[in-house]
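# Geometric and topological summary
Single-letter residue listing:
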Amino acid sequence: MRMSDTHATLEAGLAALAAALEQPLPADYLALQRAPGPVPGPFGAHEWLRPAAALAQWQLNQELHGSGTLRALPVAADAGVRAQAWHPGWLPLTHDGAGTLAALDLAPAEGGQAGQVILVDAEGGRRRRLGRDLADWLARPGAGLADDAG
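Rules and cut-offs
- Residues numbered from 1 in each chain as written.
- Predicted model: local features only at pLDDT ≥ 70, side-chain atom pairs only at ≥ 80, totals over all residues.
- Heavy atoms only, no water.
- Helix = DSSP H or I, 4+ residues; strand = E, 2+ residues; numbered from the N terminus.
- Rg over C-alpha atoms; globule rule 2.2 N^0.38 Å.
- Buried < 20%, exposed > 50% of the residue type's maximum accessible area, 1.4 Å probe, protein only.
- Contact = heavy atoms within 4.5 Å.
- Areas by Shrake-Rupley, 256 points an atom, 1.4 Å probe, with all protein chains shown as cover.
- Lys, Arg positive; Asp, Glu negative; His and termini not counted.
- Charge placed at Lys NZ, Arg CZ, Asp CG, Glu CD.
- Phe/Tyr/Trp six-rings, centres within 6.5 Å; stacked < 30°, edge-to-face > 60°.

## Concerning the overall build of the protein chain
- Looking only at helices and strands, the protein chain has 4 helices and 6 strands in total.
- For the protein chain, the α and β elements follow one another from N to C terminus as α-α-β-α-β-β-β-β-β-α.
- Taking 150 residues into account, the globule formula puts the C-alpha radius of gyration at 15 Å, and the protein chain, at 15 Å, falls close to it.
- If you line up the protein chain on its principal axes, its C-alpha atoms span 45 × 35 × 30 Å.
- Looking at the protein chain as a whole, 41% of its 150 residues qualify as buried.
- Once local pairs closer than 6 in sequence are excluded, the contacts in the protein chain between residues at least 24 apart make up 48%.
- Just so you have it, the protein chain exposes about 7,400 Å², and 58% of that area is on carbon and sulfur atoms.
- Of the side-chain charges in the protein chain, 11 are positive and 16 negative, and the distance between the mean point of each set is 3 Å.

Right under this line is the structure:
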């Protein structure tokens, strides 16, 4: 694929993601996705999601939530994070292949901050704040994902 094709694909993916979320994507997220080379990790067992993969993961969670599959799960959450199984204002950043995500929280609970990074733990029903924003999260060893249980 030529560089211009790669750029066009990236921009189309970002536009589709913003349209699905029904809001502009944060500048720090856009800069990270547009930066050359790999996203600074490591993320342990988690894989960084490029825009098309993030959209697919978001759509899957929307479908599961809409069907009632996710709504029935009990959830515990840190202060400032919604105690919900899923929220459409959560933009998937990473996934572990088993349903656990790091997500950019664009719709925080009272006391939270838009743009905080949260853990959406599929198995433990935990919603944990991983960082104040993308920069804070990425500065943490293993992006705080090594201790998913915790």
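Text resumes after the structure shown.
## Focus: the packing of aromatic side chains
- Applying the stated criterion across every chain yields a total of 4 aromatic pairs.
- For the pair Phe43 and Trp137, a centre-to-centre distance of 5.5 Å together with 25 degrees between the ring planes defines the contact as stacked. A residue pair is termed long-range when its members are at least 10 positions apart, and Phe43 in the loop between α2 (27-34) and β1 (47-48) and Trp137 in helix α4 (residues 134-138) qualify at 94 residues. Residue Phe43 shares its accessibility class with Trp137, and that shared class is buried.
- Both rings, one in Trp86 and one in Trp90, keep their centres 5.8 Å apart while their planes meet at 90 degrees; by these two values the pair is edge-to-face.
- Each residue in the set Phe43, Trp48 and Trp137 is aromatic and connected to the rest through ring pairs, giving one cluster.

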